[in-house]
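In case you want the letters, here they are:
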Amino acid sequence: MKPAPFALAQPDDLAGVLAALARHGEAARVLAGGQSLVPLMNLRLVRPAMLVSINRCAELAFTERRGDRLVLGALVRQAEAETHPLVRAHCPLLAAALPWLGPQATRNRGTLCGSLAHADPLAELPAVALALEADMLLASQAGERRLPASEFFQDALTTVLRPGEMVRAVAFQAQAGDERSAFLEIGNREHGFAVAGVAVRWRLEAERCAFARIAMLGAGPVACRVPAAEAAIVGRPLDAGAIAEVVEAARAAVAPPTDVHADADYRRHALGVLLARALRQGDGQWASGSR
Amino acid sequence: MGERIEVTLTVNQRKRRAQVEPRLLLVDYLRHELGLKGTHVGCEQGACGACTVLLDGRTARSCLHFVAALDGAQIRTVEDVAPSPELLHPIQQAFHRQHALQCGYCTPGFVMTTLELLAGNPDPSQTAIRRALTNNLCRCTGYANIVKAVTAAGKALREGSQA
Ligand code: FES
Ligand code: FES
């Protein structure tokens, strides 16, 4: 199918984008890479009357270290971030997750902020944003607000974004040098849609886990942190007994969805397996399959 | 609405100027307005890879891009891969020799995907090849010969010989 007709605005700067979004309100959608939006438009599941492209706003294509944060603007493409030295150095968890977002062809154009704003229930980046305690920088003509990712995602395909507002940037927590992390996922095809995944980071002090962040996708209607699992591991050595307990705690805490790809029990089981593997490996990648 | 947008873009090294409706997809522009029918349409939702082209040197799904937003872009399609009408590119040669196509519907997308893969990684492992191709769908071949063809093409390109 072809998309329904729409009008296209292509402002040269953020001020122009925000003005266009304010003028068109609910009728407008932001066009960045379009890799989430255009499929829905082609299927006519969405029919925005107005698209406001940010692709001419060079000011939104930045990746910067600011204090303890790594901040990526709305026009940073997924494939660019994947190989960016600052991402590799300060957010290895993000670098490990990015290849899983989809084929190279969509990662070449799709943006990080676009995927976050789209909030697909099985998307990778919301889980990464939760594990890296990201802040979402939301801009509108009325000004800017900054919200933790945990408050940004509401439900499947639903965020707190208001009409006229866009994700201007995402600010991930930079990972400490002695931190370990892993992103693991299973899907019906590698780099296709995910069935379940985990984004995990932790730090050991004197052989005991001093800090842990555990986020999952396919564990509920949207990506979520799993505080019960984090609590089960902190203060303990990462031995087989502790890993078995954290897996139990995680499986008890999640409420995975059932769909054509997998049922809730399968996902609950798989999430536990992935979490255990992640805690055993912690090199950011599948042991066998670094790209 | 109904308003047309003027764009200038380069397709297969030729400058093209067009007045387009905002909703015109790149794949439809290539096929219907330029007659470049080598780029195929499968799913129209980014899933099958039949419509893969190079956009500013990197693979892109041409069913997921609006021409109106591509002013100044460089597009390369499968028509611009062979060095001449009589000769095949080593990647095409390898697909031919290794029986990596049957109906050929998916082939242009695989060729464009392989171009990008081998440009970035001239000697990819079997895993790297399978990963690069995993989101291009072929309903005929069962993929084994496609992987063989990409392996052979990599070798041919490295050695500067025919696949
Ligand atoms: S037609 Fe574009 S990916 Fe299938
Ligand atoms: S050769 Fe027929 S779809 Fe691939």
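Residues numbered from 1 in each chain as written. Chains lettered and ligands numbered in written order. Predicted model: local features only at pLDDT ≥ 70, side-chain atom pairs only at ≥ 80, totals over all residues. Heavy atoms only, no water.

Looking at this structure, I do not really get the nonpolar core. What am I missing?
Where a protein is soluble and globular, its nonpolar side chains tend to be buried together. Core analysis: the largest hydrophobic core is formed by 60 residues, its most contacted members being A:Ile54, A:Leu72, A:Leu94, A:Leu112, A:Met166, A:Phe172 and A:Phe183. The biggest single contributor to this core is helix 8 (residues 124-131) of chain A, with six residues. Not counting residues within four places of it along the chain, the set of residues in contact with A:Ile54 comprises A:Val17, A:Val30, A:Leu31, A:Ala32, A:Leu60, A:Ala74, A:Leu75 and A:Met166. Within the second largest apolar cluster, 35 residues are counted, among which are B:Leu9, B:Leu25, B:Val53 and B:Leu70. (Core = buried A, V, L, I, M, F, W, Y, C linked by side-chain atoms within 4.5 Å. Buried < 20%, exposed > 50% of the residue type's maximum accessible area, 1.4 Å probe, protein only. Helix = DSSP H or I, 4+ residues; strand = E, 2+ residues; numbered from the N terminus. Contact = heavy atoms within 4.5 Å.)

Could you clarify how one ought to interpret empty space enclosed by the protein in this entry?
Once rolled over the atoms, a probe with the size of a water molecule shows which space is left empty. A full pass over the atoms with the stated rule returns two cavities of 30 Å³ or more. Here the largest cavity is characterised by a volume of approximately 110 Å³. Together, A:Leu31, A:Ala32, A:Gly33, A:Val38, A:Asn55, A:Arg77, A:Arg109, B:Leu64, B:His65, B:Phe66, B:Ala69 and B:Leu70 line the largest cavity. Tallied by class, the residues present in the lining of the largest cavity amount to seven nonpolar, three polar and two charged. (1 Å grid on protein atoms, 1.4 Å probe; cavity = no way out; pocket = protein on both sides within 12 Å on 5 of 7 lines; lining within 4 Å. Points joined across faces, edges and corners; volume = space filled by probe spheres on them. Nonpolar A, V, L, I, M, F, W, Y, C, P; charged D, E, K, R; others polar.)

What's the story with the pattern of salt bridges in this structure? I'm lost.
Once their charged atoms are close, side chains differing in charge can pair, the charge on each being opposite to the other. All names here are of chain A. Enumeration over the complete set of coordinates arrives at 24 salt bridges over all chains. In this structure, the salt-bridge partner of arginine 225 is glutamate 133, at a minimum N-O distance of 3.8 Å. Taken together, the residues span a long stretch of sequence, with arginine 225 in strand 14 (residues 224-225) and glutamate 133 in the loop between helix 8 and strand 6 (135-140) at a distance of 92 residues. Residue arginine 201 is joined to glutamate 179 by a salt bridge in which the shortest nitrogen-to-oxygen separation is 2.6 Å. (Salt bridge = Lys/Arg side-chain N within 4 Å of Asp/Glu carboxyl O.)

Teacher, can you tell me more about the pairing of strand 5 (residues 69-73) of chain A here?
One face of the sheet, then the other: side chains in a regular strand alternate in exactly this way. Residues and elements named next belong to chain A. Of all five residues in strand 5, five are buried, a share of seventy percent or more. Side chains Arg69, Val71 and Gly73 project from strand 5 onto one buried face, and the interleaved Leu70 and Leu72 project onto a second face that is buried too. Relative to strand 5, strand 4 (residues 63-66) is paired through four bridges, and the arrangement is antiparallel. Residue glutamate 64 lies in a different strand from strand 5, and its bridge partner there is valine 71. Taking the residues between adjacent antiparallel strands as the criterion, strand 4 and strand 5 are bridged by two residues, where glycine 67 takes a positive phi near 60 degrees. Inspection of the sheet shows strand 5 paired to strand 10 (residues 166-173) by five bridges, in the antiparallel sense. In the strand pairing of strand 10, valine 71 is matched with alanine 171. (Pairing = 2+ DSSP bridges.)

Mind showing me how you'd approach the side chain of A:Glu124 here?
Here A:Glu124 is to be found in helix 8. With near-sequence residues (within four places) excluded, A:Glu124 lies in contact with A:Trp100, A:Leu101, A:Phe183, A:Glu185, A:Ala194 and A:Leu217.

I keep staring at the sheet that holds strand 7 (residues 143-148) of chain A and nothing clicks. Help me out?
Sheets are built from strands paired through backbone hydrogen bonds, the pairs being either parallel or antiparallel. Residue and element names in this part refer to chain A. Judged by pairing direction, the sheet is antiparallel, and its five strands sit side by side in the order 4-5-10-6-7 without closing on themselves. Whereas interior strands pair on both sides, the edge strands pair on one side only; in this sheet they are strand 4 and strand 7. For this sheet the average axis-to-axis angle between neighbouring strands, irrespective of direction, equals 25 degrees. Its contacts with the sheet place helix 1 (residues 14-24) against strand 6 and strand 10, and it is angled at close to 125 degrees to strand 10. (Axes fitted to C-alpha atoms, helices over the stretch in contact; angles between N-to-C directions.)

Would you explain the domain arrangement of chain A in this entry?
Interface size, as often reported, equals the accessible area lost upon joining of the parts. All names here are of chain A. Examined at the domain level, chain A breaks down into domain 1 (7-53), domain 2 (58-173) and domain 3 (180-288). Each of domain 1 and domain 2 has a C-alpha centre, and the two are 18 Å apart. Contact residues are listed per partner, giving 15 residues for domain 1 and 17 residues for domain 2. Looking only at domain 1, the three residues that lose the most surface to domain 2 are Leu14, Leu18 and Gln35, adding up to 39% of its buried area. Put simply, domain 1 and domain 2 have zero salt bridges between them. (Domains from an automatic or database assignment. Buried area = accessible area lost by both parts, 1.4 Å probe.)

Explain helix 3 (residues 107-120) of chain B here, please?
In an α-helix there are 3.6 residues to a turn, and that puts residues three or four apart on one side. Residue and element names in this part refer to chain B. In this model, helix 3 (14 residues) spans 20 Å end to end at C-alpha, consistent with the 20 Å of a helix rising 1.5 Å per residue. The buried fraction of helix 3 is high, at 12 of 14 residues. Along helix 3, the residues classified as buried are Thr107, Pro108, Gly109, Phe110, Val111, Met112, Thr113, Thr114, Leu115, Glu116, Leu117 and Leu118. (Expected span 1.5 Å × (residues − 1).)

Quick question: what am I supposed to make of the sheet that holds strand 1 (residues 5-11) of chain B here?
Residues and elements named next belong to chain B. In spatial order, the strands read 2-1-5-3-4; together these five strands make up an open sheet with mixed pairing. Edge strands, defined here as strands with exactly one partner in the open sheet, are strand 2 (14-20) and strand 4 (58-61). Strand-to-strand twist in this sheet, taken as the mean axis angle between neighbours without regard to direction, amounts to 40 degrees. Relative to strand 5 (residues 74-76), strand 3 (residues 52-55) runs antiparallel, the two being bridged by two bridges. Counterpart to leucine 54 in the pairing with strand 5 is arginine 76. Strands in contact with helix 1 (residues 26-33) are strand 1, strand 2, strand 3 and strand 5; relative to strand 1, the strand with the most contacts, it is inclined by about 75 degrees. Across the face of the sheet, helix 3 comes into contact with strand 3, strand 4 and strand 5 while running at roughly 40 degrees to strand 3.

Hey, could you run me through the packing of aromatic side chains in this one?
Pairs of aromatic rings are described using the distance from one ring centre to the other and the angle between the two planes. All names here are of chain A. This model, assessed by the stated rule, comprises three aromatic pairs over all chains. Note on phenylalanine 152 and phenylalanine 153: the rings are 5.1 Å apart at their centroids and 80 degrees apart in plane angle, and the pair reads as edge-to-face. For the pair phenylalanine 152 and phenylalanine 153, a shared accessibility class is recorded, and that class is buried. (Phe/Tyr/Trp six-rings, centres within 6.5 Å; stacked < 30°, edge-to-face > 60°.)

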